[in-house]
Amino acid sequence: MSGIFDDGAIAQTTHAEGEIRYVGSREYGQVLVTKHPEGERLTPERSLTIARHSPGGFAVGYRGSGPAQLALAILLDYTDNASLARDHYQTFTDEVISQLEYGADGTWTITDADIEQALPDDVALPA
C-alpha cells in the first residue's frame, strides 16, 4: 500500500492498467486523496451524508474519526453503494486505513485489490 504521487494528479507507478487506486498525501496538514486513473480528488462531502465522523477531513494511521471518514468515503466511492459502505467501513478502518503509513515519497496507496481483500467474500462488488 504505497506508491509515488505527483501532485499534478499523475501516479507514477507500475500498477496494472485499469486498476483503481487511491493515493494519499499531506498538504498544509490536510490529507489529500486522489483516485486514479481518473485523477479526481476524493472529498468527505458525499460520505458525510451517511456518517459525520470528521467534517474537517481525512486521516490515516490510527483508529479515529478522520480514518473512519476516509474509510467510508473510499468504500462509498469504490462501490457506489451507501448500504455496503455503511455496513463495512468500520472494519475497513481497522484493517486497512488504521494501518496505513506514509512512504519515503510522502504518499500511501490503496488499490482495488486492497479494498476487495478487506471485504467479505459474499459482497457484490462493481464490475
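Everything below is about the structure printed above this text.
This is a predicted model, so every value here is computed, not measured. (Residues numbered from 1 in each chain as written. Predicted model: local features only at pLDDT ≥ 70, side-chain atom pairs only at ≥ 80, totals over all residues. Heavy atoms only, no water.)

A.B. asks: Can you walk me through the overall build of the chain in this structure?
C.D. replies: The helix and strand tally for the chain stands at four helices and six strands. Listing every helix and strand of the chain by position from the N terminus yields β-β-β-β-β-α-α-α-β-α. Scored against the burial criterion, the 127 residues of the chain give a buried share of 46%. Here the chain has roughly 6600 Å² of accessible surface; of this, 45% comes from carbon and sulfur atoms. (Helix = DSSP H or I, 4+ residues; strand = E, 2+ residues; numbered from the N terminus. Buried < 20%, exposed > 50% of the residue type's maximum accessible area, 1.4 Å probe, protein only. Areas by Shrake-Rupley, 256 points an atom, 1.4 Å probe, with all protein chains shown as cover.)

A.B. asks: Help me out: how do you make sense of unusual backbone geometry in this one?
C.D. replies: With the exception of glycine, most residues fall at negative phi, and the peptide bonds are largely trans. Cis geometry marks the peptide bond from histidine 36 to proline 37; its omega dihedral reads 20 degrees. Tracing the backbone shows proline 37 in the loop between strand S4 (30-36) and strand S5 (40-42). A positive phi angle, near 55 degrees, is found at tyrosine 28, a position not held by glycine. Summarising the element assignment, tyrosine 28 is placed in the loop between strand S3 (21-27) and S4.

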